[in-house]
Amino acid sequence: MLITIQDDFDLQKIADSGQCFRFNKCGKGYSVAAIDRYLYVEQVGVSDYLFDCPEDEYNSFWKDYFDLDTSYKEVRKLIDKEEDPYLFEASEFGKGIRILRQDPWEMLISFIISQRKNIPAIKASIEKICALAGKKMAVDAEGKDVYSFPTAKALAELSIEELSGCSLGYRDKYVRQAALDVASGAVRLGDWEEISDDELMQKLLSLYGVGVKVANCEILFGYHRLDAFPKDVWINKVLDQRYPEGFLFDKYAPYNGVMQQYLFFYSRSMG
């Protein structure tokens, strides 16, 4: 189906923004896998996009996944060019990025795997566990099989040796424990949807192998709490070099996570 999107929306920038690991260039468009859903999406005009899915699936899932009810143009208006020139440059460079509404379980495992790995390595490991424990759900435009993200139960049934074979390194034990906790019901990620940000942070930090950075990524990308501000090496350099007197968190609340994405994408792209 053909969708016209007048707000900030750039498939390449979203794919390269570091928030998603199963969103890849494919043919003339992009292949997007999210839990047990698959989408091929392609830009076919200035503001027109072909979503290769039924209308009811677009309305019930993909519209929300791409956060299309939020105006990112309005969010960018919070940035004053004179007051914060670096963030203004970053937002202009990253215009089109949106914070996807992704699944907390998929994001928890993805960001546990992400620790001390570059993005291509993260993607490769995730695809290996999907092929090993997920279910085939599509063949993409380039003829590659696409698998669903494994359920906690399916992942918990893998041995530590099988997980190690997915190039997880020392993270294999963290992934296995997270799967066991969720599969057993000891951890109920869905029950954490309504708790405060501070409570959510404490719950996440109680999980084996989850530190502050992974927890913040989970809060922002898994729970769509748009004020969360994950800090990695790129963001820490930006804060040190461009904001020695402090970042304007109060000014940008409750959208600091969107600002983080602009800063991350810009600093990483510009080196």
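Model, not experiment: these values are computed from the prediction. (Residues numbered from 1 in each chain as written. Predicted model: local features only at pLDDT ≥ 70, side-chain atom pairs only at ≥ 80, totals over all residues. Heavy atoms only, no water.)

Asker: I keep staring at the environment of tryptophan 105 and nothing clicks. Help me out?
Answerer: Residue placement: tryptophan 105 occurs in helix H5 (residues 104-113). In contact with tryptophan 105, not counting residues within four places along its chain, are Ile35, Phe149, Pro150, Thr151, Ala152, Leu155, Ala178, Ala179, Val182 and Leu189. (Helix = DSSP H or I, 4+ residues; strand = E, 2+ residues; numbered from the N terminus. Contact = heavy atoms within 4.5 Å.)

Asker: Just checking my understanding: could you explain the nonpolar core for this structure?
Answerer: Nonpolar side chains in soluble globular proteins tend to be buried together. Ranked by size, the top nonpolar core spans 66 residues in total, and within it Leu87, Ile109, Leu155, Trp192, Phe247 and Leu263 carry the most contacts. Not counting chain neighbours up to four residues away, the residues in contact with leucine 155 comprise Trp105, Ile109, Ile129, Ala133, Pro150, Leu163, Val175 and Ala179. In terms of nonpolar packing, the next biggest core, distinct from the first, is built from 22 residues, Phe9, Ala15, Phe23 and Cys53 among them. (Core = buried A, V, L, I, M, F, W, Y, C linked by side-chain atoms within 4.5 Å. Buried < 20%, exposed > 50% of the residue type's maximum accessible area, 1.4 Å probe, protein only.)

Asker: I tried to follow the pairing of strand E2 (residues 23-26) on my own but got confused; where do I start?
Answerer: Each regular strand displays side chains that alternate between the two surfaces of the sheet. With 4 bridges joining them, E2 and strand E3 (residues 29-34) adopt antiparallel strand pairing. Among the inter-strand pairings, asparagine 24 is bridged to a residue of E3, identified as serine 31. Taken together, E2 and the strand that follows it, E3, pair antiparallel across an intervening segment of 2 residues, in which glycine 27 is found at a positive phi of about 60 degrees. (Pairing = 2+ DSSP bridges.)

Asker: Looking at this model, I keep getting lost on the packing of helix H10 (residues 197-205) against helix H11 (residues 212-222). Mind explaining?
Answerer: Axis angle and axis distance: for two packed helices, these are the angle between their axes and the distance between the axes, and together they describe the pair. Viewed as axis vectors pointing N to C, H10 and H11 meet at an angle of 130 degrees, and their least axial separation amounts to 9 Å. Classified by the angle their axes make, H10 and H11 are oblique. Along this stretch, H10 crosses H11, giving a crossing that reads as right-handed. Every residue of H11 that contacts H10 at Asp197, Leu200, Met201, Leu204 and Leu205 is listed here: Val212, Ala215, Asn216, Glu218 and Ile219. Counted by class, the contact of H10 with H11 contains 7 nonpolar, 1 polar and 2 charged residues. (Axes fitted to C-alpha atoms, helices over the stretch in contact; angles between N-to-C directions. Parallel < 35°, antiparallel > 145°, perpendicular 65-115°, else oblique. Left-handed = near helix turned anticlockwise from the far one by under 90°. Nonpolar A, V, L, I, M, F, W, Y, C, P; charged D, E, K, R; others polar.)

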